[in-house]
Each structure stands twice: as C-alpha cells, then as structure tokens.
Amino acid sequence: MNARDTEGTPERAEFAGAVYGSLLAASVAAGTAVDGTPISAGSLVVVLLCTGVVFWVAHVYALVVTHGTDGLTWRRLREAGRHEWPVAQASFPPAVGAAFASALGMSDVVATWVALGVAVAGQVAWAVAAAVKARSSTRIVVLSGVANLALGLAILALKTWVAHY
C-alpha cells in the first residue's frame, strides 16, 4: 500500500488499512507455526499486536515522508497516525480470538487457527464494507468479498501445505 492508496476520504483510508491489517494479521498467525509447532497463545497475542503496531508506525512514517515538504511535525504525525490506525487496529480481533481460545482451555494450535480465521473473516468483512460504503454495485460487493476470501484461503492453504512438509 502506498500513499496514493489512502488518498481521498478518511473512510477509504480506514477500509484500506483495515483490509491490509487483517491480511497482515492472517499472515502473522499463519507464519507462527509453519513447522507444525505453534507458539503459545500468549506469545501469539503479543506477536499479533506488536506486528500491527510496528506496521502502523511504518505506515505513519511513510505517509508523512511521502506527502508534502513540511517535514516531520507532531501535527502531521498525529494526523497520519489517526489515518493509518486501522492497520494496527485490525490485529486486535485475531489477538482477542487467540486469547479467548486459550482462556477456554483450547490448545495453542486451536488458538492459532482461531486467530487466523478471525483475521480472514475481518479481511472479508472490511472489504465488503468498503464496497458497500462506496455504493458499489452488488457485483462489485460480491467480488470484493470473494477476492478477499481467496486471499485469506491462499494463506490458509499455504499454512497447511508448509506444515505438511
């Protein structure tokens, strides 16, 4: 995602960041157990949240540096921080899902799959919400959901495939 991807309305930025952040969270959850040995649910929660925040900081910095010649100011950083917050925020539901799964006594493997499922569901929901908010045709709304589901399923398939080799 570059600076042009979030130009326009704040809603566009929120949806783009949320879709991207959800895909990032799914990738993190998938990547934590590629050898078949998952990290603990608690560690997964920390990794999800920290990765979301680190990518948020990177997006804030990139947005400030690539827009305008006013330099780094606190005002620009705050505005960019609000603008890009959905990137970090999208890691919260998968982290909560993993924490709840663990609190319910489920295994770390199950907690990882819960986080991954929540992240993919979030990604699809944000994409559909963005298309609806943009008043897209029903066809585009459905295509947005299907395309994002395909991306999420690709992550699931890769996780499953890598875990078997």
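Residues numbered from 1 in each chain as written. Predicted model: local features only at pLDDT ≥ 70, side-chain atom pairs only at ≥ 80, totals over all residues. Heavy atoms only, no water.

Caption draft 1: Highlighting the overall build of the protein chain. Along the protein chain, the regular secondary structure elements total six helices and zero strands. Helices and strands appear in the protein chain in the N-to-C order α-α-α-α-α-α. By residue count, 35% of the 165 residues in the protein chain fall in the buried class. A separation threshold of at least 6 residues defines the contact pool for the protein chain, and within that pool the share at least 24 residues apart is 69%. For the protein chain, the accessible surface area stands at approximately 9100 Å², while carbon and sulfur atoms represent 68% of it. (Helix = DSSP H or I, 4+ residues; strand = E, 2+ residues; numbered from the N terminus. Buried < 20%, exposed > 50% of the residue type's maximum accessible area, 1.4 Å probe, protein only. Contact = heavy atoms within 4.5 Å. Areas by Shrake-Rupley, 256 points an atom, 1.4 Å probe, with all protein chains shown as cover.)

Caption draft 2: How the structure looks around the packing of aromatic side chains. Within this structure, the stated rule accounts for four aromatic pairs. Ring plane angle 70° and centroid distance 5.8 Å describe the contact between Trp 85 and Phe 92, whose orientation is recorded as edge-to-face. Given a relative accessible area of 30%, Trp 85 falls into the partly exposed group. Each member of the aromatic cluster is reached from another via a ring pair, and the members are Trp 56, Trp 85 and Phe 92. (Phe/Tyr/Trp six-rings, centres within 6.5 Å; stacked < 30°, edge-to-face > 60°.)

Caption draft 3: Inspection of the packing of helix 4 (residues 92-103) against helix 5 (residues 108-133) at higher detail. Where helix 4 meets helix 5, the closest approach of the two axes is 8 Å, and the angle between their N-to-C directions is 150°. Classed by the angle they form, the pair helix 4 and helix 5 counts as roughly antiparallel. The two elements helix 4 and helix 5 cross, and the hand of that crossing is right-handed. Contacts from Pro 93, Pro 94, Gly 97, Ala 98 and Ala 101 of helix 4 reach helix 5 at Ala 111, Val 114, Ala 115, Val 118 and Ala 119. (Axes fitted to C-alpha atoms, helices over the stretch in contact; angles between N-to-C directions. Parallel < 35°, antiparallel > 145°, perpendicular 65-115°, else oblique. Left-handed = near helix turned anticlockwise from the far one by under 90°.)

Caption draft 4: Expanded view of helix 3 (residues 74-89). Across its 16 residues, helix 3 extends 21 Å between first and last C-alpha, which sits within 8% of the 22 Å expected from 1.5 Å per residue. Along helix 3, the largest kink reaches about 45° and is centred on His 83; proline Pro 86 follows within four residues of it. Of all the residues in helix 3, the buried ones are Arg 76, Ala 80, Gly 81, Glu 84, Pro 86, Val 87 and Ala 88. (Expected span 1.5 Å × (residues − 1). Bend = angle between axes of the 7 residues up to and from the residue.)

Caption draft 5: Region of interest: the confidence of the model for the protein chain. Summing up the model confidence of the protein chain, the mean pLDDT is 86 and the portion of residues at 70 or higher is 85%. Mean pLDDT per element in the protein chain: helix 1 (residues 10-31) is the minimum at 83, and helix 4 is the maximum at 97. (pLDDT = per-residue confidence, 0-100.)

Caption draft 6: Molecular detail of the nonpolar core. Ranked by size, the top nonpolar core spans 19 residues in total, and within it Ala 26, Leu 48, Ala 98, Ala 115 and Leu 116 carry the most contacts. If one sorts the elements of this core by residue count, helix 1 sits on top with six residues. (Core = buried A, V, L, I, M, F, W, Y, C linked by side-chain atoms within 4.5 Å.)

Caption draft 7: Focus on the pattern of salt bridges. Enumeration according to the criterion identifies one salt bridge in this entry. The closest approach of N and O atoms between Arg 75 and Glu 79, which form a salt bridge, is 3.3 Å. Separated by four residues within a single helix, Arg 75 and Glu 79 lie in helix 3, roughly one turn from each other. (Salt bridge = Lys/Arg side-chain N within 4 Å of Asp/Glu carboxyl O.)

Caption draft 8: Focus on the side chain of Thr 112. As for its position among the elements, Thr 112 is in helix 5. Residue contacts for Thr 112: discarding those within four places in its chain leaves Ala 29, Thr 32, Pro 38, Leu 44 and Lys 159.

Caption draft 9: Expanded view of the environment of Ala 129. Relative to the helices and strands, Ala 129 resides in helix 5. Take Ala 129: its relative accessible area is 30%, and that puts it in the partly exposed class.

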